[in-house]
Amino acid sequence: MDPSSTTAGIDQGTWPNVIGEARTVADALPDLLVDANHVASSIISGWHGRRRAGPGESFWQFRPFNMGEPAKRIDWRRSARDDSLYVREREWEAAHTVWLWADLSSSMVFQSRLAGVSKRDRAIVLILALADMLAETGERIGLPGLTRPFSDRRAAERLADALTHLSRPVALPDTIAVKRFADVVLISDFLDPIEDIAEWIARLAGTGARGHLVQVLDPIEETFPFDGRVEFTDPEKGIRLTAGRAENWREDYRKKLEAHRAEIRDMARRAGWTYVLHHTDRPASEPLLVLHSALSGALDVMQRGGV
């Protein structure tokens, strides 16, 4: 049974409203966008820009003309302002494609009394905040199956708008548009059957792209602090299961969850990917800092001609 399906911590009478909330992501997006902007702003100073001189179309800066350079590089309008010669440098266009995806399926709507936010809302905040950060360095960003890659300072707003047109939540995104050397960030609870996850990872790895998996869990899904008679409901299929003494399931449940998580972690490691475990009672900045490090490392390799 999916551990996120427990209705403990949520009044059973409100469960239909929780499912309804999953179908109205658009209603939550304005507030989540604000949250994402705050999170991104709090750590964006640590996101070192990749701008440098080189071939491209965007103006970067003026610099003094060096003897021996072709005279056609001189910007005569700027040089006319004083007695020095200046060259208009272009910004090196090393824009890279980063695909972002948040699992918005029914299991992600879960929120227990131990967390102040649902898994779904945290996943949305993370991809929008990451979009804000990536936009600062001019990367191309996209939602696989929803948008083409684009570079825009208002990337988070554009992604939020695209999510309002999502007709059906999909846990594992389409990989058809993903090309070699792209990066794919997937934020999910990864409580789908391990066979489905393994198939998706193999398919994405076959494209030559790099993956970054962020597993988001509610703290109650780790601890399983239930006692006595508890009814569990699978939000994906509606199946109900009643435990007479839930505490007797605790040890087996924890072992099964850890084994499931270990398989995902090992698959990511074998593919050379990033794996991050995040709990919704922790700050959103924590997984973002890990992703920042992973993506910065990959992009630096590309700049040095390592791929």
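What you are looking at is a predicted structure, and each value in this text was computed from that prediction instead of being measured. (Residues numbered from 1 in each chain as written. Predicted model: local features only at pLDDT ≥ 70, side-chain atom pairs only at ≥ 80, totals over all residues. Heavy atoms only, no water.)

A. Inspection of the pairing of strand 8 (residues 240-243) at higher detail. The pairing of strand 7 (residues 230-233) with strand 8 spans 4 bridges and is classified as antiparallel. Paired with V230 across the two strands is A243, which belongs to strand 8. Between strand 7 and strand 8, which pair antiparallel one after the other, the connecting turn spans 6 residues, and G238 there sits at a positive phi close to 80 degrees. (Pairing = 2+ DSSP bridges. Helix = DSSP H or I, 4+ residues; strand = E, 2+ residues; numbered from the N terminus.)

B. Quick look at helix 5 (residues 155-163). Among all positions in helix 5, only A155, A156, L159, A160, A162 and L163 are buried. Projected down its long axis, helix 5 carries its buried residues within an arc of 160 degrees, all on one side. (Buried < 20%, exposed > 50% of the residue type's maximum accessible area, 1.4 Å probe, protein only. Arc of directions from axis to C-beta.)

C. Expanded view of the environment of A294. Checked against the element boundaries, A294 lands in helix 9 (residues 285-303). The spacing of A294 and W273 is 21 residues in sequence and 9.0 Å in space, taken between C-alpha atoms. If we skip the residues at most four places from it in the chain, A294 touches H212 and T274. (Contact = heavy atoms within 4.5 Å.)

D. Here's a closer look at the confidence of the model for the protein. For the protein, per-residue confidence averages 80 on the pLDDT scale, and 78% of positions sit at 70 or higher. Here helix 1 (residues 15-22) is the element of the protein with the lowest mean pLDDT, 41, and strand 6 (residues 210-217) is the one with the highest, 97. Note on residues 1-23: pLDDT under 50 across the span, and 47 contacts to partners over four residues away in sequence or across chains. With pLDDT under 50 throughout, residues 48-59 is counted as low confidence; its partners more than four residues away or in other chains account for 40 contacts. (pLDDT = per-residue confidence, 0-100.)

E. Inspection of the sheet that holds strand 3 (residues 97-102) at higher detail. Ordered by their spatial adjacency, 5 strands build an open sheet running 4-3-5-6-9, and the pairing between neighbours is parallel. Looking at the sheet topology across the chains shown, the edges are occupied by strand 4 (140-142) and strand 9 (274-279). Going from strand to strand, the sheet's axes swing by 15 degrees on average, the running direction of each strand aside. Here strand 6 runs beside strand 9; their pairing, made up of 6 bridges, is parallel. The partner of L217 across the bridge, within strand 9, is H279. Together, strand 3, strand 4, strand 5 (183-188), strand 6 and strand 9 form the strand contacts of helix 4 (residues 119-136), whose direction differs from that of strand 3 by roughly 165 degrees. Those strands touched by helix 8 (residues 250-270) are strand 6 and strand 9, and its axis lies near 145 degrees from that of strand 9. (Axes fitted to C-alpha atoms, helices over the stretch in contact; angles between N-to-C directions.)

F. Structural detail: the nonpolar core. Within the largest apolar cluster, 60 residues are counted, with the highest numbers of intra-cluster contacts made by L100, L128, W200 and L213. Looking at which element gives the most residues to this core, the answer is helix 4, with 12 residues. One finds I220, F224, V230 and F232 within the second-largest nonpolar core, a separate group that totals 12 residues. (Core = buried A, V, L, I, M, F, W, Y, C linked by side-chain atoms within 4.5 Å.)

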